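Each chain, written out:
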Amino acid sequence: MMIIILLLLLLVIIYGPQFWAKRVLKKYSRHRDDFPGTGGELAQHLLKQFNMAVKVEITEAGDHYDPIEKVVRLSSDNFHGKSLTAVATAAHEVGHAIQDYSGYKALHNRTKLVRIAQIAEKVGAGLMMLIPVIALIARIPAAGVLMFLGGIASLGASVLVHLITLPVELDASFNRALPILEKGQYINEIDQKAARKILTACALTYVASSLVSLLSLWRWIAILRR
């Protein structure tokens with residue numbers, strides 16, 4: 001019974017933030033006739049207002065700002081939608097664009113780390129699959145250990161990146177997006193509390209991803225221990 005409780009607790013810790021974030025975003029995604037524009041139109045308006053040469057596009061890869069291509073990418077629902085979720089999410093991604101153009105160092109560091117993590121994750125997965133083969137051919141136990149450690153470190157890179165970038169997400173939500181929405185009166189006082197929840201959900205998306213990545217890493221370790 002204790003093991004079952006611990007497993008359930010672990011699942012809550014890992015999937016809890018992801019479930020909560022999705023629930024919040026869905027809850028406030030209903031159409032609002034009182035909103036003057038869509039999430040995509042708000043993003044374009046804000047970028048023009050701040051005089052930033054940044055494009056706005058529709059994506060299927062999840063809402064994000066691309067600091068390399070200088071593009072705010074929104075899901076179809078958020079780009080075309082007139083909902084509190086669409087508006088707040090658009091403002092959050094524009095917040096990242098503002099970080100970029102204001103020289104926010106933490107964002108630039110994250111961009112470099114993401115590139116490294118993407119490469120490291122692919123290399124790590126390859127190394128861990130080759131461990132049994134290398135150890136068998138070389139007939140050196142230490143070779144397998146070194147490959148194993150290298151693979152674990154590489155796969156763990158993505159987990160580390162997600163966790164250390166949380167401050168970047170919180171800054172985009174509460175130091176950039178929220179003041180813009182409130183001071184610009186893009187949302188009324190009644191919606192401000194809900195907007196805070198949405199912006200928190202936007203920031204926690206990365207924490208949720210890191211926890212899921214951590215579970216994936218644990219699975220690799222469990223497989224290789226057999």
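Residues numbered from 1 in each chain as written. Predicted model: local features only at pLDDT ≥ 70, side-chain atom pairs only at ≥ 80, totals over all residues. Heavy atoms only, no water.

Engineer: How should I be thinking about the packing of aromatic side chains in this particular structure?
Structural biologist: The geometry of an aromatic ring pair is captured by the separation of the ring centres together with the interplanar angle, meaning the angle of the planes. For the structure on display, the rule yields zero aromatic pairs. The lysine or arginine in question, R176, covers the ring of Y104, its NZ or CZ lying 5.1 Å from the ring centre. (Phe/Tyr/Trp six-rings, centres within 6.5 Å; stacked < 30°, edge-to-face > 60°. Lys NZ or Arg CZ within 6 Å of the ring centre and 35° of its normal.)

Engineer: Sorry if this is basic, but what is going on with the environment of I68 here?
Structural biologist: On the secondary structure map, I68 appears in the loop between β2 (64–66) and β3 (71–74). Each C-alpha atom of the pair I68 and T111 lies 8.5 Å from the other, and the pair is 43 residues apart in sequence. Residues within four places of I68 in sequence aside, it is in contact with T111 and R115. (Helix = DSSP H or I, 4+ residues; strand = E, 2+ residues; numbered from the N terminus. Contact = heavy atoms within 4.5 Å.)

Engineer: Even after reading the chapter, I still don't get the nonpolar core, so can you show me in this structure?
Structural biologist: Nonpolar side chains tend to gather and get buried jointly when the protein is soluble and globular. The biggest cluster of nonpolar side chains holds 34 residues, and the ones touching the most others in it are L47 and V72. Of all elements in the fold, only α1 (2–27), α2 (39–49), β3, α4 (84–101), α7 (166–183) and α8 (189–225) reach the threshold of two or more residues within this core. Every residue in contact with V72, bar those within four places of it in the chain, is listed here: L47, V54, K55, V56, E57, H64, Y65, E93, V94 and A97. (Core = buried A, V, L, I, M, F, W, Y, C linked by side-chain atoms within 4.5 Å. Buried < 20%, exposed > 50% of the residue type's maximum accessible area, 1.4 Å probe, protein only.)

Engineer: Honestly, the pattern of salt bridges in this entry has me stumped. Any pointers?
Structural biologist: Oppositely charged side chains may form a pair once their charged atoms are brought near each other. Within this structure, the stated rule accounts for nine salt bridges. The shortest N-O distance in the salt bridge between E169 and R110 comes to 2.4 Å. Of the two residues, E169 is situated in helix α7 and R110 in helix α5 (residues 105–138); the sequence distance between them amounts to 59 residues. Judged by relative accessible area, E169 falls into the buried class, the value being 1%. By relative accessible area, which is 9% here, R110 ends up buried. Counted as one network, the salt bridges with shared partners bring together K55, E57, D66 and R73. (Salt bridge = Lys/Arg side-chain N within 4 Å of Asp/Glu carboxyl O.)

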